[in-house]
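# Coordinate analysis (summary)
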Amino acid sequence: MKYALLCNRASQLRDIALNQGLLRLSDLAVIVDPKVHDTDRHFAMCSERADEIRVAPQLADQPYPIIDGILMHEIGHAADFAYKGKLWAEMNTGGAPLLMMSRSAWRGWKRRTPYVVERHADDLAEAIFSVRIGYVGPLMLQSTEGGVRPRPFGI
Ligand SMILES: [Zn+2]
């Protein structure tokens, strides 16, 4: 049941991204993997090849806004990794223009700090899904309802 919930929701969210024109996410797989939950706040991860998102089954125990916030954040990573900073251009070749970003803004894509990579995942999630990603609770988990924005340092 939990696995089905997570996989179904992740698939729905991936389909929204595809409908936004992010066709490089067509083959993005969602895999439920208990080993992902190796720290209290680690519930999901995205491969740098942008071909799979691994989700801990423990995520299903969280409230829906957190499930969505985390899954959307990971799809933001996938979009970021799949398009490697060229997303702004891809979005103007048939898909809906999601982001108004200059080429120069993305020149440093490969030199980003881990914190900036996380911020870009949130920025892309917000653009794709028209939500606000905030950070809530003692573990500072992503959420689509309230919370601190932008992402705090050091989590
Ligand atoms: Zn992240």
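See above for the structure.
Here's a quick rundown of the structure. Note on numbering: residues in each chain are counted from 1, in written sequence order. For this predicted model, a pLDDT threshold of at least 70 governs which residues receive local features, and a threshold of 80 or more governs which side-chain atom pairs are given and counted, while totals over whole chains, interfaces and linings are taken from all residues.

## Observations concerning the sheet that holds strand S2 (residues 44–46)
- Within the open sheet, the 3 strands sit side by side as S1-S3-S2. Their pairing is mixed. This sheet does not close on itself; its edge strands, each paired only once, are strand S1 (29–32) and S2. Pairs of neighbouring strands in the sheet enclose a mean axial angle of 15°, with direction left out of account.
- Strand pairing is defined by DSSP finding a minimum of two bridges between the two strands. By the criteria applied, helices consist of DSSP H or I runs no shorter than four residues and strands consist of E runs no shorter than two, each listed in order from the N terminus. Pairing geometry for S2 and strand S3 (residues 52–55), over 3 bridges, is antiparallel. Note that in S3 the partner of Cys46 across the bridge is Ile53.
- This entry defines residue contacts through backbone-placed C-beta atoms, with two residues in contact when those atoms are within 7 Å. Axis lines are fitted through C-alpha atoms, for helices just across the contact stretch, and the angle between N-to-C directions can take any value from 0 to 180 degrees. Here helix H1 (residues 2–19) sits on the sheet in contact with S1 and S3, set at roughly 160° to S1.

## Quick word on the packing of H1 against helix H2 (residues 64–83)
- Closest axis-to-axis distance for the H1/H2 pair is 10 Å, and the angle between their directions is 45°. When the axes of H1 and H2 are compared, the pair comes out oblique. As for how H1 packs across H2, the hand of that crossing is right-handed. Two secondary-structure elements touch here, H1 through Arg9, Ala10, Leu13, Arg14 and Ala17 and H2 through Ile67, Leu71, Met72, Ile75 and Ala79. For this classification, under 35 degrees means roughly parallel, over 145 means roughly antiparallel, 65 to 115 means roughly perpendicular, and everything else is oblique. For any helix crossing, the convention is left-handed if the near helix is rotated counterclockwise from the far helix by under a right angle, and right-handed if that rotation is clockwise.

## Here's the deal with unusual backbone geometry
- The linkage connecting Arg149 with the following residue, Pro150, adopts the cis geometry, with an omega of 0°.
- Inspection of the secondary structure assignment puts Pro150 in the segment after strand S5 (141–143).
- The backbone of Ala50 shows a phi angle near 60°, a positive value even though the residue is not glycine.
- Counting through the fold element by element, Ala50 comes out in the loop between S2 and S3.

## Some words on the nonpolar core
- In these notes, a nonpolar core means any group of buried Ala, Val, Leu, Ile, Met, Phe, Trp, Tyr and Cys residues linked to one another through C-beta atoms within 7 Å. Any residue surrounded by 20 or more other C-beta atoms within 10 Å of its C-beta is treated as buried, while 12 or fewer makes it exposed and the intermediate range makes it partly exposed; C-beta atoms here are placed from the backbone. Counting 36 residues, the largest nonpolar core has Val55, Ile75, Ala78 and Ala79 as its most contacted members.
- Listed by contribution, the elements that provide at least two residues to this core are H1, S2, S3, H2 and helix H4 (114–129).
- By residue number, the principal contributor to this core is H2, which donates 11 residues.

## Re H1
- Expected helix span is taken as 1.5 Å per residue step, with the number of steps being one fewer than the number of residues. Taking 1.5 Å per residue, 18 residues should reach 26 Å; H1 reaches 26 Å between its end C-alpha atoms and fits that length.
- Along H1, the residues classified as buried are Leu6, Ala10, Leu13, Arg14 and Ala17. In a view along the axis of H1, the buried residues occupy a sector of 105°, so they form one face of it. Exposed side chains of H1 directed beyond 90 degrees from the buried face belong to Ala4, Asn8, Gln12, Asp15 and Asn19.
- Where the residues of H1 are buried, they touch S1, S3, H2 and H4.
- Looking one or two residues beyond H1, the residue adopting positive phi is Gly21, at roughly 100°. Picture the helix axis, draw a direction to every C-beta atom, and the arc is the one those directions span.

## A look at the environment of Ser11
- Within the fold, Ser11 resides in helix H1.
- Separated by 60 residues in sequence, Ser11 and Leu71 have C-alpha atoms that sit 9.9 Å apart.

## Describing the packing of H2 against H4
- Interhelical geometry of H2 versus H4 gives an angle of 105° and a closest axis separation of 7 Å. Put simply, H2 runs roughly perpendicular to H4. Together, Met72, His73, Ile75, Gly76, His77, Ala79 and Asp80 of H2 and His120, Ala121, Asp122, Leu124, Ala125, Ile128 and Phe129 of H4 make up the contact between the two elements.
- In the scheme used here, Gly and all other residues not listed as nonpolar or charged are polar, with Ala, Val, Leu, Ile, Met, Phe, Trp, Tyr, Cys and Pro taken as nonpolar and Asp, Glu, Lys and Arg as charged. Class assignment for the residues of the contact of H2 with H4 results in 8 nonpolar, 4 polar and 2 charged.

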